[in-house]
Amino acid sequence: MHKIFLLMTFIFTLMTATAFAAENEYYEYESQVYGFKIICPVKPIVVVNPFEDPKQRGELLVFANDGMKIIFGYQIMLDAFDTNKVPDFNKDKKKIIDAYIEKQKEDNAYEFVGLETVSKNSKGVENKGIVLITAKEIEQKDENGEVVGTLIADEQTAFTYFRSRSGRCISIQLITSDFNEDNLIDYRKSVATYRDATDLSMPPESEDTQSKKKKK
């Protein structure tokens, strides 16, 4: 599976590494700055803003660490992509979405790029997003495109890009020094529970449906 090379530089002090809580123990985290909510495997031991650019907004939730090294965490970014440059994974035609996925595979060192169901609402309506996992082994090519070697990444990471119910462009990244199936499962479960502050301020989906019926 994959790994990313350009991780942000963080200046903060982390506490001693904290072991994960017992299985099936979860924590609902609510951002005091941005108001979003997400269910996490455990309560974060550190929450920081990892972005140097003031136009970028989001938080890094650290669940376990070893000194300055993050063992397990999520980086949540709001307004993470340009909605005009990224297909609507719920509405656009399959050929448009497929072309976007193929371009991601061609332009980046990803082991997996795919369209997946991020979450479902109470009526079973799916909200789809794109999941990307960086490569563990990356081919090195010369100027003629010939493979001349293989680079082994130190770590791997996963990204999920999707739109919230209100249409906000969200990215959630798994950051871990131990990329394994259990961490990936916990991460995907958490992504499915993400609720943006704008979503939480909207009426229940059942009320949306009733309002549309009244207008007809």
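Chemist: Would you mind going over the packing of aromatic side chains in detail, with residue names and values included?
Modeler: Evaluated as defined, the whole model comprises ten aromatic pairs. Taken together, a centroid distance of 4.8 Å and an interplanar angle of 80 degrees make the contact between Phe63 and Tyr74 edge-to-face. On the criterion of sequence distance, the pair formed by Phe63 in strand S4 (residues 57–66) and Tyr74 in strand S5 (residues 69–78) is long-range, its members being eleven residues apart. Here the two residues Phe63 and Tyr74 agree in accessibility, since each one is buried.

Chemist: I'd like to hear about the pairing of S5, residue by residue, with values.
Modeler: When you tally the buried positions in S5, you get eight out of ten residues, the bulk of the element. Linkage of S4 to S5, two consecutive antiparallel strands, is achieved through a turn of two residues, within which Gly67 is found at a positive phi near 65 degrees. The pairing of S5 with strand S11 (residues 169–176) spans seven bridges and is classified as antiparallel. Paired with Leu78 across the two strands is Ile170, which belongs to S11.

Chemist: Describe the pattern of salt bridges, with residues and values.
Modeler: Following the criterion strictly, the structure yields nine salt bridges and no others. Between Asp107 and Lys103 there is a salt bridge, and its shortest N-O distance comes to 2.9 Å. With Asp107 and Lys103 both in helix H1 (residues 94–107), this residue pair falls four residues apart, about one helical turn. Given the relative accessible area of 48%, Asp107 is considered partly exposed.

Chemist: Tell me about helix H2 (residues 181–193), and please be specific about residues and values.
Modeler: Over its 13 residues, H2 extends 19 Å from the first C-alpha to the last, a length consistent with the 18 Å expected when each residue adds 1.5 Å. Every buried residue of H2 is accounted for by Asn183, Leu184, Tyr187, Ser190 and Val191. Along the long axis of H2, the arc covered by the buried residues comes to 125 degrees, so they all point the same way. Exposed residues pointing more than 90 degrees away from the buried face of H2 are listed as Glu181 and Asp182. Tucked into the core, H2 has its buried residues touching strand S2 (37–40), S5, strand S6 (110–120), strand S7 (126–134), strand S10 (157–163) and S11. For H2, the N-terminal cap is Asn180; the gap from its side-chain oxygen to the backbone nitrogen of Asp182 is 3.1 Å.

Chemist: Which residues make up the sheet that holds S6, and what values go with them?
Modeler: Overall, antiparallel pairing links the seven strands, which are arranged S3-S4-S5-S11-S10-S7-S6 in an open sheet. The strands lining the two open edges of the sheet, one partner per strand, are strand S3 (46–48) and S6. Geometrically, the sheet is characterised by an average inter-axis angle of 20 degrees between neighbouring strands, direction not taken into account. Across the face of the sheet, H1 comes into contact with S6 and S7 while running at roughly 140 degrees to S6. Against the sheet, H2 touches S5, S6, S7, S10 and S11, its axis set at about 160 degrees to S11.

Cut-offs used in this document
Within any chain, residue numbers begin from 1 and follow the written order of that chain's sequence. Where local features are concerned, this predicted model is filtered to residues with pLDDT of at least 70; where side-chain atom pairs are given and counted, the filter is 80 or more; whole-chain, interface and lining totals use all residues. Derived side-chain values reflect all non-hydrogen atoms in the structure, with water molecules and hydrogen atoms excluded from consideration. Between 30 and 60 degrees the pair is tilted, below 30 it is stacked and above 60 it is edge-to-face, where a pair is any two Phe, Tyr or Trp rings, Trp via its six-membered ring, whose centres lie within 6.5 Å. Labels follow the DSSP assignment, with helices taken as runs of H or I lasting at least four residues and strands as runs of E lasting at least two, numbered in each case from the N terminus. Relative accessible area decides the class of each residue, using a 1.4 Å probe on protein chains only: under 20% of the type maximum gives buried, over 50% gives exposed, and in between gives partly exposed. Should DSSP find at least two bridges between two strands, the strands are regarded as paired. Salt bridge criterion: a side-chain nitrogen from Lys or Arg within 4 Å of a carboxyl oxygen from Asp or Glu. Residue count minus one, scaled by 1.5 Å, sets the expected span of a helix. Picture the helix axis, draw a direction to every C-beta atom, and the arc is the one those directions span. Contacts are assigned to residue pairs that have any heavy atoms within 4.5 Å of one another. Whenever two N or O atoms come within 3.5 Å, that pair is a polar contact, provided that in protein one can donate a hydrogen and the other can accept it, and provided that, for residues adjacent in sequence, both atoms are side-chain atoms. Fitting a line to C-alpha atoms yields each axis, with helices limited to the stretch in contact; the angle taken between N-to-C directions then spans 0 to 180 degrees.

By themselves these figures say nothing about function.
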